[in-house]
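Structural description and commentary
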Amino acid sequence: MKIRRLLTAGVAAGLLVLTGCGASNSSAPKADSNSTGTTSASSGFRIDVITHGAPGDSFWDVVKAGAVQAGKDEGLDLHYQSDPDVGKQATLIDNAVAAGTDGLVVSMANPDGLKSSIQAAVAAGIPVVTINSGIDQWKQYGAITHVGQSETLAGEAAGQRLSDDGLKNVLCVIQEAGNVGLEQRCAGAKSKFSGTMTNLQVDNTDLAGSEATIESKLQADPSIDGILSLGGDMSGQAVKAVAATGANVTVGTFDVNADVVQNVIDGKIEFAIDQQPYAQGYMGVTAVYLKNLDGLDIGGGQPVYTGPAFITKDNASAVLKFAQAGTR
Amino acid sequence: MSTTEAPAPAPAQKPERDERVGDHARLAAVLLRPEVGALAAAIVIFCYFAFTTTAFALPQGASTWIFYSSSFAIMAVVVAMLMIGGEFDLSAGAMVGTTGLITGIMMSHWHVNVWVSVLTSLVVALAIGFVNGVLVMKTGLPSFIVTLGTFFVLRGLNLAVVKRIIDQVSVVDFASAKGYAAGNKLFGGYIEVHLGWLPWVHVASTGVMRIYAATWWALAVMILATWILQRTRAGNWIFAVGGAQTSARQVGVPVFRTKVGLFMTTAFGSWLVGMLTLFKTTTAQSTTGVGQEFFYIICAVVGGCLLTGGYGSAIGAALGALIYGMVYQGIVYHNWDSDWQYTFLGVMLLGAVLVNNWVKARAEQVR
């Protein structure tokens, strides 16, 4: 009996560890960095774009597409690499510096972890531009500029918009636990929203379940009149949950894909906030290129904002074809 | 985690009994079923949320947690069968994503007929289950390791192949694919049941309950699995290979066939849930299902399955999924701060397992 119990506990612990590996250490396969081949180099500059995007993240695919396009347009020897693990991202930066890069474009989801690598690159005279995340640290680390959207500012814009729509009780749906940027969006929205805003945690690996959870929440609190979703796929589930309850709820979302744009056109989503990731990739590379070419400082010591751009019924049909092509 | 105990062997000392002993034995036989504890825990949890929240027990509220539990129930039942047979499948969650992606891409990207797409992903799933089973049996490696390998392989394929084909990581615009409506009837639809005549529903604003396709499928899978486990020779084989594989082989149980069949059954469940999810959500991502395999095993264990194999039931596993679903959605209905959601979930699941074990222990005393 005792032995059997011990065995059971042992197996249980083993299971926990193993599936724990599967779930949380999901960065294991992501560790393979995502590199593209080099483009033909006519301007002779080598530029390295090193982001924290996980392979398979549709958002980062758009950033990469922008960077690659800039590389083509400007005749650069462009290298794109990414790793969500900050330690490995730092190593990628060190590697690029060692390989003799002429410029770095870096996203800083975890600025502290990249600090020494970026400062070393700056000290070596390599121009650095940060994109997407890192708006609070780029200056301090010696980058030329930052290209991106302040999540807080974007959140504030959403909160303002929800207030202007006259909403009173809004749900902020967070689809990934522990993501700093998502928390900042909700916090920013809350700060500018005149009514009540509550966060709701859902799970983007289980979309059907998330929809049920949103539906439960709408039933639990019938006074909810708005949903702010923080991701393209989740906004579709929010729309379905609203339809299932038949409640009169306004849906707004961050980030864009073809379905989101279609929902905006159909009037099921009131607005989508776009931080234009394509522009982040393209502008980041271009800023480094211009520094190399003519010593130009884009941004003039200030960050370059790519968002928040609102997609509403007025401009959605114009955006649709870009979203389908993967550039919005 | 799951501190499921081995069922204590019946107390050795035989208490003095009169002629009524036969009735007691029959009662004990009922109470000793693996699902009795889970049923008790489910009732406790249902009552708790029914009385502490307003919408939980109303038809519209019940719609959500019944739906939420249903796809978990399907997986819990097939995973429970596999666990009774002494094996694990860590690739089950990723396989849900794989099947959804295959069907989604075939229909929306290549415009293949809906039924051809659905059957293709079924064939692929069964093939993966077959490979899992054969690898486990031929290599002698623990199924943990083999299916963990499959899990990573599938995860990689779900990402790399999908990106190669559609240049994105999620299937979008699936609802407008040709044949979607037909598939949706089978996998994504729902029926509305009007319960407005019930007295406690009457006072509430709505009496409409939606029962989604997933629930019918879950009931069908549960009934079929119970029948197989309780009434067929294959059922005996499953208990035998999980309880004592060597002895089973010696008495002529086809161990190889039984285990491979179990892995294929789990794969079938993954495919079914993959279809249900795809047609209900009209999208599938590369990350769909990743990490969910853990919850399937939890549901089976809460429902009375032993991690060591040889003991468990399909109804118990389905009840485990119901407990999980009720707790998860109950937390939402309760308006508890969602940052604490997983903590509440963990505490209540542990509580459910403890109630489960307590009931089982009491049942054993009756004997």
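For the structure itself, consult the block above.
Computed from a predicted structure; not experimentally measured.

When helices and strands are tallied, chain B shows 15 helices and four strands. For 367 residues, the compact-globule formula gives about 21 Å, and the C-alpha radius of gyration of chain B, at 22 Å, lands near that figure. Within chain B, the fraction of its 367 residues that count as buried is 57%. In chain B, the share of contacts with a sequence separation of at least 24, taken over all contacts with a separation of at least 6, comes to 78%. Summed over all atoms, the accessible surface of chain B reaches about 15400 Å², with 67% contributed by carbon and sulfur.

What follows is about the packing of aromatic side chains. Two aromatic rings, taken as a pair, are described by how far apart their centres are and by the angle between their planes. All names here are of chain B. Inspection of every chain in the model, using the stated rule, returns 31 aromatic pairs over all chains. Here Tyr 68 and Phe 72 contribute two aromatic rings whose centre-to-centre distance is 5.4 Å and whose plane-to-plane angle is 45 degrees, an arrangement assigned as tilted. A residue pair is termed a helical-turn pair when its members lie 3 or 4 positions apart in one helix, as Tyr 68 and Phe 72 do in helix α3 (residues 59-84) at four residues. Each member of the pair, Tyr 68 as well as Phe 72, carries the same accessibility label: buried. Measuring from centroid to centroid gives 5.4 Å for Phe 295 and Tyr 324, while their planes differ by 35 degrees, and the two rings are tilted. Of the two residues, Phe 295 sits in helix α13 (residues 293-302) while Tyr 324 sits in helix α14 (residues 314-333), which places them 29 residues apart along the sequence. Tyr 324 matches Phe 295 in its accessibility class, with the two residues each being buried.

For the rest of this paragraph, the subject is the sheet that holds strand β6 (residues 169-174) of chain A. Residues and elements named next belong to chain A. Spatially, β7-β6-β8-β9-β10-β12 is the arrangement adopted by the six strands of the open sheet, whose pairing is mixed. The sheet terminates laterally at β7 (196-201) and β12 (309-311), the two strands that pair on one side only. Across this sheet, the average inter-strand angle for adjacent strands is 20 degrees, counted without regard to direction. Note: β6 against strand β8 (residues 226-229), four bridges, orientation parallel. Its bridge partner being in β8, Val 173 is matched across the sheet by Ser 229. Here helix α7 (residues 151-164) sits on the sheet and contacts β6, β7, β8, β9 (250-254), β10 (271-274) and β12; the angle it forms with β10, its principal contact strand, is near 165 degrees. Contacts from helix α10 (residues 232-245) reach β6, β8 and β9 within the one sheet, and its direction differs from that of β9 by about 170 degrees.

Glancing now at the layout of surface pockets. The calculated volume of the second largest pocket comes to roughly 700 Å³. Residue lining of the second largest pocket: 32 residues in total, with Gly 236 and Lys 240 of chain A together with Ala 175, Thr 281 and Thr 282 of chain B positioned closest to the centre. Looking at the lining of the second largest pocket element by element, the count peaks at nine residues for α10 of chain A. Split by residue class, the lining of the second largest pocket holds ten nonpolar, 13 polar and nine charged.

What follows deals with helix α12 (residues 277-294) of chain A. Residue and element names in this part refer to chain A. Between its first and last C-alpha atoms α12 spans 26 Å; for 18 residues at 1.5 Å apiece the expected length is 26 Å, and the two agree. Listed as buried for α12 are Pro 277, Tyr 278, Gln 280, Gly 281, Gly 284, Val 285, Thr 286, Ala 287, Val 288, Tyr 289 and Leu 290. Gly 295, located one to two residues past α12, shows a positive phi value of around 65 degrees.

Calculation criteria
- Residues numbered from 1 in each chain as written.
- Chains lettered and ligands numbered in written order.
- Predicted model: local features only at pLDDT ≥ 70, side-chain atom pairs only at ≥ 80, totals over all residues.
- Heavy atoms only, no water.
- Helix = DSSP H or I, 4+ residues; strand = E, 2+ residues; numbered from the N terminus.
- Rg over C-alpha atoms; globule rule 2.2 N^0.38 Å.
- Buried < 20%, exposed > 50% of the residue type's maximum accessible area, 1.4 Å probe, protein only.
- Contact = heavy atoms within 4.5 Å.
- Areas by Shrake-Rupley, 256 points an atom, 1.4 Å probe, with all protein chains shown as cover.
- Phe/Tyr/Trp six-rings, centres within 6.5 Å; stacked < 30°, edge-to-face > 60°.
- Pairing = 2+ DSSP bridges.
- Axes fitted to C-alpha atoms, helices over the stretch in contact; angles between N-to-C directions.
- 1 Å grid on protein atoms, 1.4 Å probe; cavity = no way out; pocket = protein on both sides within 12 Å on 5 of 7 lines; lining within 4 Å.
- Points joined across faces, edges and corners; volume = space filled by probe spheres on them.
- Nonpolar A, V, L, I, M, F, W, Y, C, P; charged D, E, K, R; others polar.
- Expected span 1.5 Å × (residues − 1).

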